[in-house]
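# Chain and residue survey
Listed below are the residues making up each chain.
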Amino acid sequence: MTTQHTDTAAATAAAVAHLRAHDAEHFAQLDEFLRIESVSADPGRNDEVRRAAWWIADELERIGVERATIHETGAHPIVTAEWMHAGDGAPTVLVYCHYDVQPTDPIDEWVRPPFEPRHEDERVYARGAGDDKGQLFMHLKAVEAWMRTAGRLPVNLRFFFEGDEEVGSEPVEQFIAGHADLLRADVCVVSDGDTFDDDGTPAIGYGLRGIAYWEVRVHGPRQDVHSGQYGGGVDNPANVLVRMLASLTDERGRVTVPGFYDAVRDLTDDERAAYAALPFDEATWRDETGVAAAMDGESEHSLLERLSARPTFDINGIWGGYTGEGAKTIIPAWAAAKISTRLVPNQDYREIEQSMKAHLASIAPPTVRVDARIIHGGAPAITPLDHPGIGPASRALEAGFGKAPLFQRSGGSVPVVAALDSRLGLKTLMVGFANPTGNFHAPNEWMSLRNIRDGMVSLVHLWAELGAMRGSDLRGD
Ligand code: BES
Ligand code: MN
Ligand code: MN
């Protein structure tokens, strides 16, 4: 071993020891962060979202990270900061996480209120525990561990934390285009996904699905009318809506919108082999999910492939007409639904947005008026598995979790990842620490203390691993 290696190993060990020594303090501070009600979808909580941004910026400055800045956008603030003193040729890494969280309904199903963190069974339960405030917090602590021990970091780090991820990241894509100087790096590290299982098997994510999301409204009579007086003559907008939406998929869930699959890239034999080699148990998945059986999907694809490498269509919500107590016999004036598709490479969400709108217009009967409004979209993303950062990231996760990571594509979407690639040519290593059954977007969201601890240790190692590389070697171009 060269002296430098010995030094780095000793410095890494000291940073890890710092994490262990401050364990209780860290969990208390995590609770403080989780108590901030940063629900981006709720305009009534805008100040809370802002408070979370300030909390992060203050924390970065306290740690010794420089140029912590709150950027105003059309929506919620973006926080950037940097520490750029790792020396000549050292890599620069951009760290991205989001500090906004999903709404908390159905609130009655939470065992404790969502913003009063509960520690139980070696887990912390709170909205944002896994998605994504817990993971953002882990990054702060890993950096702090280096700064408080070595007084420096092995790599240059830039930070990019947003508060609009859960509502589509629209202002953020513009921000990327206009602030290349603040975001320039050799690679991006995103922690906004999950480990492979709840048994401490870490994962490196190499794919995300894209998304396109619409609200559809079908308008019929001027106002609600008596279903006896008018039934048989007035086409019911709710009937029409469900007929239209039902026709958008076939019995295997394949989307019927013309051209929808045109750009879908088939999995290669190697990719299919990688999927098949993952230790995925369908019965366990079914039991954890609480469904009677997996749906009858595309027969030429395994369940795991369908969950992340194939596009989907979903009705996210549907309403209209009478939903109160008892019965009320009406033909409603209108009915509405929120619908979305998950997209895979190389589907273009802008093209899909337009083809869905055109298709809905084409299947609407002349008895109603159909409005389809685009709410948001985001592109799918893939990180090549031969990216030079994959080896260091694997070693770092193995050091933290005591097990080598598996490689998985996620079914979820993080629009920023594709935007960083298309706008800045920046590739992303997805190093996620949340628990796969940790109730993302659902009541009683949680993350295990083990994943928090092992993940923070992994991040300490990740900066050492990447610091041993040259920036130019990490870019992989
Ligand atoms: N962290 C999730 C995405 C995710 C989930 C990645 C599971 C990996 C595993 C993210 O916060 C999210 O929920 N994204 C939204 C994006 C949408 C609002 C544009 C999603 O996927 O629905
Ligand atoms: Mn997230
Ligand atoms: Mn989310």
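This text gives an overview of the structure that appears in the document. Treat the numbers as computed from the prediction; the structure is a model and nothing was measured. (Residues numbered from 1 in each chain as written. Chains lettered and ligands numbered in written order. Predicted model: local features only at pLDDT ≥ 70, side-chain atom pairs only at ≥ 80, totals over all residues. Heavy atoms only, no water.)

E165, D192, R342, S413 and H441 are the nearest of the 16 residues found near ligand 1. At a separation of 2.7 Å, a nitrogen atom of ligand 1 approaches a polar backbone atom of S413. For ligand 1, the accessible surface in isolation is 520 Å², of which the surrounding protein chains cover 90%. Split by residue class, the shell around ligand 1 holds three nonpolar, eight polar and five charged. Both domains that meet at the shell around ligand 1, namely domain 1 (3–209 + 381–475) and domain 2 (210–264 + 311–378), each give it at least three residues. (Near = heavy atom within 4 Å. Polar contact = N/O pair within 3.5 Å; in protein donor to acceptor, adjacent residues only side chain to side chain. Areas by Shrake-Rupley, 256 points an atom, 1.4 Å probe, with all protein chains shown as cover. Nonpolar A, V, L, I, M, F, W, Y, C, P; charged D, E, K, R; others polar. Domains from an automatic or database assignment.)

Considering all chains together, one arrives at 30 salt bridges under this definition. Among the salt bridges present, the one from R62 reaches E144, with a minimum N-O distance of 3.0 Å. Taken together, the residues span a long stretch of sequence, with R62 in helix α3 (residues 46–63) and E144 in helix α4 (residues 133–149) at a distance of 82 residues. Given a relative accessible area of 42%, R62 falls into the partly exposed group. E144 sits in the buried class, given a relative accessible area of 6%. Between D371 and R369 there is a salt bridge; the shortest N-O distance is 3.2 Å. When its relative accessible area of 35% is taken as the criterion, D371 is described as partly exposed. Judged by relative accessible area, which is 47%, R369 ranks as partly exposed. (Salt bridge = Lys/Arg side-chain N within 4 Å of Asp/Glu carboxyl O. Helix = DSSP H or I, 4+ residues; strand = E, 2+ residues; numbered from the N terminus. Buried < 20%, exposed > 50% of the residue type's maximum accessible area, 1.4 Å probe, protein only.)

The biggest cluster of nonpolar side chains holds 69 residues, and the ones touching the most others in it are L60, Y99, F161 and W463. Top element by residues in this core is helix α15 (residues 449–467). It accounts for 10 residues. Residues within four places of W463 in sequence aside, it is in contact with V93, V95, H139, V143, W146, L153, P154, V155, L157 and V189. By size, the runner-up hydrophobic cluster in this structure holds 26 residues, among which are V257, F313, L343 and M356. (Core = buried A, V, L, I, M, F, W, Y, C linked by side-chain atoms within 4.5 Å. Contact = heavy atoms within 4.5 Å.)

A few words on the side chain of Q347. Relative to the assigned elements, Q347 resides in the loop between β13 (334–343) and α12 (349–363). Reaching out from Q347, the side chain makes a polar contact with the backbone oxygen of F260 at a distance of 2.9 Å. Sequence-distant contacts of Q347, that is, excluding residues within four places in its chain, are made with F260, A263, V264, P311, R342, I352 and P380.

Let us look at the sheet that holds strand β11 (residues 312–320). Where strands meet in a sheet, backbone hydrogen bonds hold them as pairs that are either parallel or antiparallel. As summarised here, the arrangement of the four strands in space is β11-β13-β9-β14, forming an open sheet in which the pairing is antiparallel. In this open sheet, the two edge strands, each paired with only one partner strand, are β11 and β14 (369–378). Put simply, the sheet's adjacent strands are angled 15° from each other on average, direction ignored. Bridging between strand β9 (residues 210–219) and β14 involves nine bridges; their strand directions are antiparallel. (Pairing = 2+ DSSP bridges. Axes fitted to C-alpha atoms, helices over the stretch in contact; angles between N-to-C directions.)

Turning to the packing of aromatic side chains, a few remarks are in order. Scanning the model with the defined rule gives seven aromatic pairs in all. Here the aromatic rings of F33 and W55 are separated by 4.5 Å at their centres, their planes lie at 15°, and the arrangement is stacked. With F33 in helix α2 (residues 23–34) and W55 in helix α3, this residue pair connects regions lying 22 residues apart in the sequence. As far as the burial class goes, F33 and W55 line up, both buried. Judged by centre distance (5.8 Å) and plane angle (25°), the rings of F160 and F175 are stacked. (Phe/Tyr/Trp six-rings, centres within 6.5 Å; stacked < 30°, edge-to-face > 60°.)

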